[in-house]
Every structure is written in C-alpha cells, then in structure tokens.
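The lines below spell out each chain.
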Amino acid sequence: GMKSIVDKAKTFYCQHISSDQAGCPQFVCGDADGNSNVTISDAVFLINYIFGGGPAPSPILAGDADCSQAVTISDAVLLINYIFSGGLPPCSTCP
C-alpha cells in the first residue's frame, strides 16, 4: 500500500541522496556489515557483496570506505590497509 511506497522512497533517499536527514539511519563509515565496528569482517563482507553476490551494506554508503560515492573493491582494499598496515582510516565525510 501507500505506506510501503513511502517507506521505499525514504530508504532510497537515505541511501542514495542524503543520509544526514532526520529519520535516516546513522552508520559508521566502513562498517559494511552493520555491527558498529570497522574490522576485517567488513572487508570480507564487501568482497562477498562485490564478487559473490552477497547482501549489500545497509545503507549502501556504509560500505563506501573511501567516500567515492560507490562501493567498489577499492573500499575493501582501504579497509584491509587500515586494519593491517596502519593505512588511512575510512573517510571522515561519512556521517
């Protein structure tokens, strides 16, 4: 019904247009699996999503660790470098 359409529109808006609006779920940048921590499991989650047909991060931008506005293998590489090599942290422009 109408509520379902409104919910889908709000979800799309929050995930793809502006996640900083009131009522949009907040997330940790780089936390692809949604457990509130950035760990190697997030890199594995992204690799499974990108190459294995696994579930997408929710919201999708939670997986965008380099803030390129797309979830790609570069996000998983950034996370691996951050976790194991002291590389740059997930971008600070995510909410």
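Residues numbered from 1 in each chain as written. Predicted model: local features only at pLDDT ≥ 70, side-chain atom pairs only at ≥ 80, totals over all residues. Heavy atoms only, no water.

1. Here's the deal with the state of the cysteines
What we call a disulfide is simply a covalent bond connecting the sulfur atoms of a pair of cysteines. This is how the line gets drawn: Cysteine sulfurs are considered disulfide-paired once they come within 2.5 Å of each other. Under the scheme used here, helices are H or I runs from DSSP no shorter than 4 residues and strands are E runs no shorter than 2 residues, and both carry numbers assigned from the N terminus.
For the structure on display, the rule yields one disulfide. Between the sulfur of cysteine 67 and that of cysteine 91 lies a disulfide, 1.8 Å long from S to S. Here cysteine 67 and cysteine 91 share a disulfide; its torsion about the S-S bond, 45°, makes the bridge right-handed. On the criterion of sequence distance, the pair formed by cysteine 67 in the loop between α2 (40-52) and α3 (73-85) and cysteine 91 in the segment after α3 is long-range, its members being 24 residues apart.

2. Topic: the side chain of aspartate 42
In plain terms, the rule: Think of it in three bands: with a 1.4 Å probe and only protein chains considered, a residue is buried below 20% of the maximum accessible area for its type, exposed above 50%, and partly exposed in between.
Looking at the secondary structure, you find aspartate 42 in helix α2. Given the relative accessible area of 0%, aspartate 42 is considered buried.

3. Examining the nonpolar core
Cut-off, in case you're wondering: Joining through side-chain atoms within 4.5 Å is the link that ties buried Ala, Val, Leu, Ile, Met, Phe, Trp, Tyr and Cys residues into a set, and such a set is a nonpolar core. Any two residues whose heavy atoms approach within 4.5 Å at even a single point are treated as in contact.
Judged by nonpolar contacts, Phe27, Ala32, Ala43, Leu46, Ile60, Leu61, Ala62, Ala65, Val71, Ala76, Leu78 and Leu79 together constitute the single largest core of 12 residues. Elements supplying a minimum of two residues to this core: α2 and α3. Per-element accounting of this core gives the leading share, three residues, to α3. Setting aside anything within four residues of it in sequence, one finds alanine 62 in contact with Phe27, Val28, Cys29, Gly30, Asp31 and Ala32.

4. Observations regarding unusual backbone geometry
The peptide bond linking serine 58 to proline 59 adopts the cis configuration, its omega dihedral lying at 0°. Following the sequence through the fold, proline 59 ends up in the loop between α2 and α3. One non-glycine residue, cysteine 67, lies in the positive phi region at around 55°. Notably, glutamine 69 is not glycine yet its phi reads approximately 70°, a positive angle.

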